[in-house]
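# Structural description and commentary
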Amino acid sequence: EAAEKGGYDTYMLKEIYEQPVALTNTLIGRLHDETGEVNLDIDLDPSSFKRISIIACGTAYYAGLVGEYLIEQLARIPVEVDVASEYRYRDPLVSKDTLAIVISQSGETIDTLEALREAKRGGARTLGIINAKGSSMTRELDDTLYIHAGPEIGVASTKAYTSMVGAMLMLALWLARARGTLTQEAGKELLHAARALPRLVEEALEPARVERIKAVAEKYAHSRDYLFLGRGVNAPTALEGALKLKEISYIHAEGYAAGEMKHGPIALIDAALPVVVVATESRLLEKTISNVQEVRARGGQVILLLSDGDTENAQHADEVLYVPRSHEMVSPVVNVVALQLLSYFTAAHLGRDVDKPRNLAKSVTVE
Ligand code: AGP
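Read on for an overview of the structure. The structure displayed is predicted, hence computed values, not measured ones. (Residues numbered from 1 in each chain as written. Predicted model: local features only at pLDDT ≥ 70, side-chain atom pairs only at ≥ 80, totals over all residues.)

If you tally the helices and strands in the chain, you get 13 helices and twelve strands. Against the globule reference of 21 Å for 367 residues, the chain gives a C-alpha radius of gyration of 20 Å, in line with a compact fold. In terms of its C-alpha atoms, the chain occupies a principal-axis envelope of roughly 55 × 45 × 40 Å. Scored against the burial criterion, the 367 residues of the chain give a buried share of 52%. Put simply, 75% of the contacts in the chain that link residues at least 6 apart link residues at least 24 apart. (Helix = DSSP H or I, 4+ residues; strand = E, 2+ residues; numbered from the N terminus. Rg over C-alpha atoms; globule rule 2.2 N^0.38 Å. Buried ≥ 20, exposed ≤ 12 C-beta atoms within 10 Å, placed from the backbone. Contact = placed C-beta atoms within 7 Å.)

As a further point, take the sheet that holds strand S10 (residues 274–278). Strand order in the open sheet formed by five strands is S9-S8-S10-S11-S12, and the pairing between neighbours is parallel. Across the chains shown, the open sheet's two edge strands, defined by having one partner strand only, are strand S9 (252–257) and strand S12 (319–323). Each strand axis lies, on average, 20 degrees off the axis of its neighbour in the sheet, ignoring direction. Relative to S10, strand S8 (residues 225–230) runs parallel, the two being bridged by three bridges. Bridge pairing in S10 places Phe228 opposite Val276. (Pairing = 2+ DSSP bridges. Axes fitted to C-alpha atoms, helices over the stretch in contact; angles between N-to-C directions.)

Before going further, it helps to spend a moment on helix H7 (residues 159–179). Taking 1.5 Å per residue, 21 residues should reach 30 Å; H7 reaches 30 Å between its end C-alpha atoms and fits that length. Among the 21 residues that make up H7, 18 are buried, leaving the element largely enclosed by the rest of the structure. Backbone geometry just downstream of H7 places Gly180 in the positive-phi region, at approximately 65 degrees. (Expected span 1.5 Å × (residues − 1).)

Taken in spatial order, the five strands make up an open sheet running S4-S3-S5-S6-S7, and their pairing is parallel. The strands lining the two open edges of the sheet, one partner per strand, are strand S4 (79–83) and strand S7 (143–146). The mean angle between the axes of side-by-side strands here comes to 20 degrees, regardless of whether they run parallel or antiparallel. Where helix H3 (residues 58–75) meets the sheet, its contacts fall on strand S3 (51–56), S4 and strand S5 (98–104), and the angle it forms with S3 comes to roughly 160 degrees. Along the sheet, H7 contacts S5, strand S6 (125–130) and S7; its crossing angle with S6, the most-contacted strand, is approximately 140 degrees.

A few words on the nonpolar core. Ranked by internal contacts, the top residues of the largest apolar core, which has 124 residues, are Met164, Met168, Ala172 and Val277. Here this core gets 14 residues from one element, more than from any other, and that element is H7. Among residues more than four places away in sequence, those in contact with Met164 are Ala60, Ala63, Ile103, Ile129 and Ile147. (Core = buried A, V, L, I, M, F, W, Y, C linked by C-beta atoms within 7 Å.)

Here we come to the site of the ligand. Around the ligand lies a shell of 16 residues, among which Gly58, Thr59, Ser104, Ser106 and Thr109 are the nearest. Top contributing element to the shell around the ligand by residue count: H3, with three residues. Among the residues making up the shell around the ligand, the classes are represented as six nonpolar, nine polar and one charged. (Near = placed C-beta within 6 Å. Nonpolar A, V, L, I, M, F, W, Y, C, P; charged D, E, K, R; others polar.)

Another point: the packing of helix H9 (residues 197–204) against helix H13 (residues 331–349). Two elements in contact, H9 and H13, have axes whose closest approach is 9 Å; the angle formed by their N-to-C orientations is 20 degrees. Judged by the inter-axis angle, H9 sits roughly parallel to H13. Considering how the two elements wind past one another, H9 and H13 form a crossing that is right-handed. Along its contact with H9, which presents Leu197, Leu200, Val201 and Ala204, the element H13 presents Val333, Val334, Val337 and Ala338. Per-class residue counts for the contact of H9 with H13 are eight nonpolar, no polar and no charged. (Parallel < 35°, antiparallel > 145°, perpendicular 65-115°, else oblique. Left-handed = near helix turned anticlockwise from the far one by under 90°.)

Between its first and last C-alpha atoms helix H8 (residues 184–195) spans 16 Å; for twelve residues at 1.5 Å apiece the expected length is 16 Å, and the two agree. Looking only at H8, the buried set comprises Leu190, Leu191 and Ala194. The arc that holds the buried residues of H8, viewed along the axis, is 105 degrees, so those residues lie on one side. For H8, the secondary structure elements touched by its buried residues are helix H2 (19–27), strand S1 (31–32), H7 and H9. (Arc of directions from axis to C-beta.)

At Asp91, a residue that is not glycine, the phi angle is positive and equals roughly 50 degrees. Examined against the element boundaries, Asp91 turns out to sit in the loop between helix H4 (84–87) and S5. Residue classification places Asp91 among the exposed positions, given that 9 C-beta atoms sit within 10 Å. Even without being a glycine, His148 presents a positive backbone phi close to 55 degrees.

Further remarks concern the packing of H2 against H7. Helices that pack against each other are described as a pair by the angle of their axes relative to one another and the distance between those axes. Orientation of H2 relative to H7, taken along the N-to-C sense of each, is 30 degrees, at an axis distance of 9 Å. As judged from the angle between their axes, H2 and H7 are roughly parallel. Remark: the crossing between H2 and H7 carries right-handed chirality. In this structure, H2 contributes Gln19, Ala22, Leu23, Thr26 and Leu27 to the contact, and H7 contributes Lys159, Thr162, Ser163, Gly166, Ala167 and Met170. A per-class count over the contact of H2 with H7 returns five nonpolar, five polar and one charged.

Written out as structure tokens, the structure reads:
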């Protein structure tokens, strides 16, 4: 088993470090710099549907939420995202001009599989963003876009998530190209940004950054609760950060869209509450920083994720975690790495079984 972990203490840590390679495998051969082409080998006609329904569970659902931002923003098609356990029972409105996209690492999650069947019954065309080759979902989907992240053993999903988001980005670009919603210039810029992801994630894993995250994780490891905030395309990053921490450290954590904080969770803030805020370069950065000031004014401990070089906003933080600068649209992939590591080192410090957290299964095949 030690050999299988490739020198790492746990599968989870190994898989965190495998992300640059996993992402390369997700993107390779599909994005072409010279021509700006996106070649996904999908048989569906991208101009034939009017709406998209994304369906998934857990971490895969959060990848779907990022996908919603990307597709609506870039391809201008209405998207709705559902957790599969709700979708399958809510008698969803589906028609022939719906594209249902299911996202799953295992391809076996029962709720997602049943939701896929529900979408098919309604006449939707179906596409899967899947990791496991030949899994149950792939046998029932019209088409599959494999993420090629390689086997994921740790119960807490890491490399599958970043590869899923990478796949959603390619899909959004493919749809945008086909529908003519992006200028040649903007398309190329995004394609370059996507191609840079493996390198940026590699940078996010540089030893000095990892050491810093470990120190912050250990400092706050005995907190009772944690709050994670983010906005826009990084609102789902906050949700995923909170889920990761809950799963492996058993610390209660909430993930929230930062602008929604004043509608409730702000009541939780006191000096004992670490608040992690994703505040990297974006159109909404100023608004995010004013959310941070609201937290500080109430005594909360602010852990800020800032883009490299942003020394100006460091004044608003108790702790700063610098992450590599990336194009806003691809930043969820880069930013989440710091949150995976924060959860990992918190759980490791508390002596948790990181690869097999209590009560959780890698793949939930019973309802
Ligand atoms: C992720 O860390 C979780 N263990 C869990 O939320 C998982 O993402 C979910 O069960 C969906 O699994 P799938 O991708 O295999 O369908």
